[in-house]
Amino acid sequence: MRLNNQSINTVHVRVPDYDRSHIKTGIIHLGVGAFHRGHQAVYVDDLLADDPEWGIVGASLRSRQTADVLNSQDGLYTLITKGGPQPEFRIIGSIREVISAAQQGNALHEHLLNPDVRIVTLTITEKGYCHVPATRQIDLDNTDIQHDISTPAQPRTAPGYLVAAIRERRAAGSPPFTVLSCDNLLENGSLIKHVVIALARIQDPALACWIEQNVTFPCTMVDRIVPAAAKAETTLARGHTGLDDWLPVVTEPFCQWVIEDNFCSGRPAFESAGATLTNNVVPFEKMKLRLLNGSHSALAYLGLLGGHATVDQAIADEAIRSFIQAMMGDEVSDTLIAPPGVDLVHYQKALLERFANPNLKHSLLQIASDGSQKLPQRILEPIRERMQNGQPFPRLAKVVAAWARFVGARDGSTFRFPINDPLESKLRALVTQSTSGSSLELLRCREIFGDDLSSSAEFREAVTQGDRHLLM
């Protein structure tokens, strides 16, 4: 029997404690991947019983499969939380419908025009922001951005959909919606605001001014490890619910959401579901990006080069664990200001315990993807701060060296690892065309390293030394 509205009453696990037929759409979510379904959708599920105005309509911007599967299940899916000896199971019901934007762009646009929609949330990954990582400026060389400039009524990008909807809502006299980024980007709200306004200014300068004055873009920090689910999770969900669920989500018990309280058209009581509302998210963002996400990137590249496949395998390697511990404690921590109520030493210890969770099987290749988009904020910004302060950064430099070795590693004429990166062609060409064949030629890529680091002798020497002493 398939998981859906009719069959949900047969299960003996936790199910939505509200009548789904009474839920209205107050949130549009762009990028309905596993992370959204393991994080924000769970927070919303927790508050719908008290406030049914905030149901979610999701949009898959690329793949149609997620929309097809979730719609066939009436938006329902199983959340599998793996922490202790036995996993916990729960059915999440906050997603009402999912749209495949590639095939149903007009339908997504119409939902965005719904005056009841007061928040648009995003988990579109770093590359979905269509920006240059080194400068955080809109990427005008991006072919989809070029399309959205020339054909604004038929957008392809998330910024394009936002600008098109805001334009029509403004013309119709509808209230603006809040744009709430939930991606792992420093000052993510400021970034999406900058890109949206830059795109709007090219299309209509008056619209850009209106957006700046009327639309809010709060920053957030999100934290929960949500690996890609495997077929084993489908079997596991069926065994405990008795229902077929083709898109279960597996996650860890830990969950955190810190949100800047800046909403132009109202919001649900996120705090009632456990979120933290604040007027300054930046300390939380930097802490998480540099300690958790930076360590994840280090684990991915060092672990893959060392023959490991998952995070728990890599952190069990004593050399890698000692490296991560020292990198966090000796090089990253002093670039941070601890958020209120947070002990950075305790936070680092907790991260090591979370990384060691043997039940998640978090793929290192999954974490290693889109390195050109992730390294600038996770690794390069703390390097810049340490360089400015005259402080050494050998371990952070070694992570850069490991990334370069990962990108350029070859078995004969074949590259050893798939890199799944928007700059894949350029990165591989830099390695292939190099007279030395060294992966350190990648340091010339200004889209990643900017003018400063790509021309810095100090930075190149530190990475070169890191390359010579890589943990293998």
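It should be noted that the structure appears before, not after, this text.
**Thoughts on the overall build of the protein**
Logical step 1: For the protein, the count of helices and strands is 19 helices and 15 strands.
Logical step 2: The C-alpha radius of gyration computed for the protein amounts to 22 Å, which stays within 12% of the reference 23 Å derived for 472 residues, consistent with globular compactness.
Logical step 3: With respect to the principal axes defined by its C-alpha atoms, the protein has extents near 60 × 55 × 50 Å.
Logical step 4: Summarising the internal contacts of the protein: among those between residues at least 6 apart in sequence, 76% fall at separations of at least 24.
Logical step 5: When the 45 positive and 53 negative side-chain charges of the protein are each reduced to one mean point, those points stand 3 Å apart.

**Points about helix α8 (residues 205–214)**
Logical step 1: Among the residues of α8, those classed as buried are Leu 207, Ala 208, Trp 210 and Ile 211. The arc enclosing the buried residues of α8, seen along the axis, measures out at 160°, which places them on a common side. Opposite the buried face of α8, at more than 90 degrees from it, the exposed residues are Pro 205 and Gln 213.
Logical step 2: Those residues of α8 that are buried lie in contact with α6 (158–172) and α7 (188–203).
Logical step 3: Looking at where α8 begins, the residue whose side-chain oxygen comes 3.1 Å from the main-chain nitrogen of Ala 206 is Asp 204.

**Topic: the packing of aromatic side chains**
Logical step 1: All told, the structure shown has seven aromatic pairs when counted by the stated rule.
Logical step 2: Ring centres of Phe 263 and Phe 270 lie 6.2 Å apart, and the angle between their planes is 40°; this geometry places the pair in the tilted category. Comparing Phe 263 with Phe 270 shows no difference in burial state: the two are buried.
Logical step 3: Residues Phe 449 and Phe 459 carry aromatic rings whose centres are separated by 5.7 Å and whose planes lie at 50° to one another, so their mutual orientation is tilted. In this pair, Phe 449 sits in helix α18 (residues 446–454) while Phe 459 sits in helix α19 (residues 457–468), placing the two residues ten residues apart along the sequence. In terms of burial, Phe 449 and Phe 459 fall into one category: buried.
Logical step 4: Members of the aromatic cluster, joined through ring pairs, are Tyr 43, Trp 257, Phe 263 and Phe 270.
Logical step 5: When the ring centre of Tyr 77 is taken as reference, the NZ or CZ atom of Arg 37 above it lies at 5.3 Å.
Logical step 6: In this arrangement the basic side chain of Arg 428 is found over the ring face of Phe 415, its NZ or CZ atom lying 4.0 Å from the centre.

**Thoughts on the pattern of salt bridges**
Logical step 1: In the structure shown here, the tally under the stated rule is 26 salt bridges.
Logical step 2: Between Asp 370 and Lys 127 there is a salt bridge, with its nearest N and O atoms 3.3 Å apart. Of this pair, Asp 370 sits in the loop between α14 (364–368) and α15 (371–388) while Lys 127 is found in the loop between β6 (119–122) and β7 (131–132), placing the two residues 243 residues apart along the sequence.
Logical step 3: Under the relative-accessibility criterion, Asp 370 is labelled buried at 5%.

**Focus: the sheet that holds strand β13 (residues 276–278)**
Logical step 1: Read from one edge of the open sheet, three strands run β10-β12-β13, paired in mixed fashion. At either end of the open sheet lies a strand with only one pairing partner, and these are β10 (220–223) and β13. Direction aside, the axes of adjacent strands within the sheet are offset by 15° on average.
Logical step 2: Pairing of strand β12 (residues 256–260) with β13, which is carried by three bridges, proceeds in the parallel orientation. Residue pairing across strands places Glu 260 opposite Thr 278, the latter belonging to β13.
Logical step 3: Sitting on the sheet, helix α10 (residues 282–305) touches β10 and β12, and the angle it makes with β10 is about 35°.

**Concerning the environment of Ile 367**
Logical step 1: Turning to its location among the elements, Ile 367 is positioned in helix α14.
Logical step 2: Note on Ile 367: relative accessible area 5%, which makes it buried.
Logical step 3: Placed 37 residues apart in sequence, Ile 367 and Asp 330 show a C-alpha to C-alpha distance of 23 Å.
Logical step 4: Filtering out sequence-adjacent residues up to four positions away, Ile 367 remains in contact with His 296, Ser 297, Ala 300, Val 311, His 362 and Lys 374.

**Observations regarding the side chain of His 296**
Logical step 1: Mapped onto the secondary structure, His 296 falls in helix α10.
Logical step 2: What makes His 296 buried here is its relative accessible area of 6%.

**A few points about the environment of Gly 329**
Logical step 1: By the element assignment, Gly 329 lies in helix α12 (residues 318–332).
Logical step 2: Residues Gly 329 and Phe 284, spaced 45 residues apart in sequence, show a C-alpha to C-alpha distance of 17 Å.

**Structural notes on the nonpolar core**
Logical step 1: The biggest cluster of nonpolar side chains holds 62 residues, and the ones touching the most others in it are Trp 403 and Phe 459.
Logical step 2: Residues in contact with Phe 459, not counting those within four places in the same chain, are Leu 380, Ile 383, Met 387, Phe 393, Val 400, Leu 443, Phe 449 and Leu 453.
Logical step 3: Membership of the second largest hydrophobic core comes to 41 residues, among which are Ala 59, Leu 113, Ala 200 and Ala 208.

**Side note on the pairing of β12**
Logical step 1: Of all the five residues making up β12, four are buried; the element is thus mostly covered by neighbouring parts of the structure.
Logical step 2: Pairing geometry for β10 and β12, over four bridges, is antiparallel. Bridging from a neighbouring strand, Met 221 pairs with Val 258 of β12.

**Concerning the pairing of strand β9 (residues 178–181)**
Logical step 1: The two faces of β9 match: Thr 178 and Leu 180 on one face and Val 179 and Ser 181 on the other face are all buried.
Logical step 2: Note: β6 against β9, four bridges, orientation parallel. Within the sheet, the bridge partner assigned to Leu 122 lies in β9 and is Ser 181.

**Observations regarding the packing of α12 against helix α13 (residues 344–355)**
Logical step 1: Where α12 contacts α13, the axes come no closer than 11 Å and their chain directions differ by 155°. Regarding the angle of α12 to α13, the classification is roughly antiparallel. The chirality of how α12 crosses α13 is right-handed. Packed against α12, whose contacting residues are Arg 321, Ile 324, Gln 325, Met 328 and Gly 329, the element α13 presents Gln 348, Leu 351 and Leu 352 at the interface.
Logical step 2: Tallied by class, the residues present in the contact of α12 with α13 amount to four nonpolar, three polar and one charged.

Here is what the cut-offs are and how they apply
- Residues numbered from 1 in each chain as written.
- Predicted model: local features only at pLDDT ≥ 70, side-chain atom pairs only at ≥ 80, totals over all residues.
- Heavy atoms only, no water.
- Helix = DSSP H or I, 4+ residues; strand = E, 2+ residues; numbered from the N terminus.
- Rg over C-alpha atoms; globule rule 2.2 N^0.38 Å.
- Contact = heavy atoms within 4.5 Å.
- Lys, Arg positive; Asp, Glu negative; His and termini not counted.
- Charge placed at Lys NZ, Arg CZ, Asp CG, Glu CD.
- Buried < 20%, exposed > 50% of the residue type's maximum accessible area, 1.4 Å probe, protein only.
- Arc of directions from axis to C-beta.
- Polar contact = N/O pair within 3.5 Å; in protein donor to acceptor, adjacent residues only side chain to side chain.
- Phe/Tyr/Trp six-rings, centres within 6.5 Å; stacked < 30°, edge-to-face > 60°.
- Lys NZ or Arg CZ within 6 Å of the ring centre and 35° of its normal.
- Salt bridge = Lys/Arg side-chain N within 4 Å of Asp/Glu carboxyl O.
- Pairing = 2+ DSSP bridges.
- Axes fitted to C-alpha atoms, helices over the stretch in contact; angles between N-to-C directions.
- Core = buried A, V, L, I, M, F, W, Y, C linked by side-chain atoms within 4.5 Å.
- Parallel < 35°, antiparallel > 145°, perpendicular 65-115°, else oblique.
- Left-handed = near helix turned anticlockwise from the far one by under 90°.
- Nonpolar A, V, L, I, M, F, W, Y, C, P; charged D, E, K, R; others polar.

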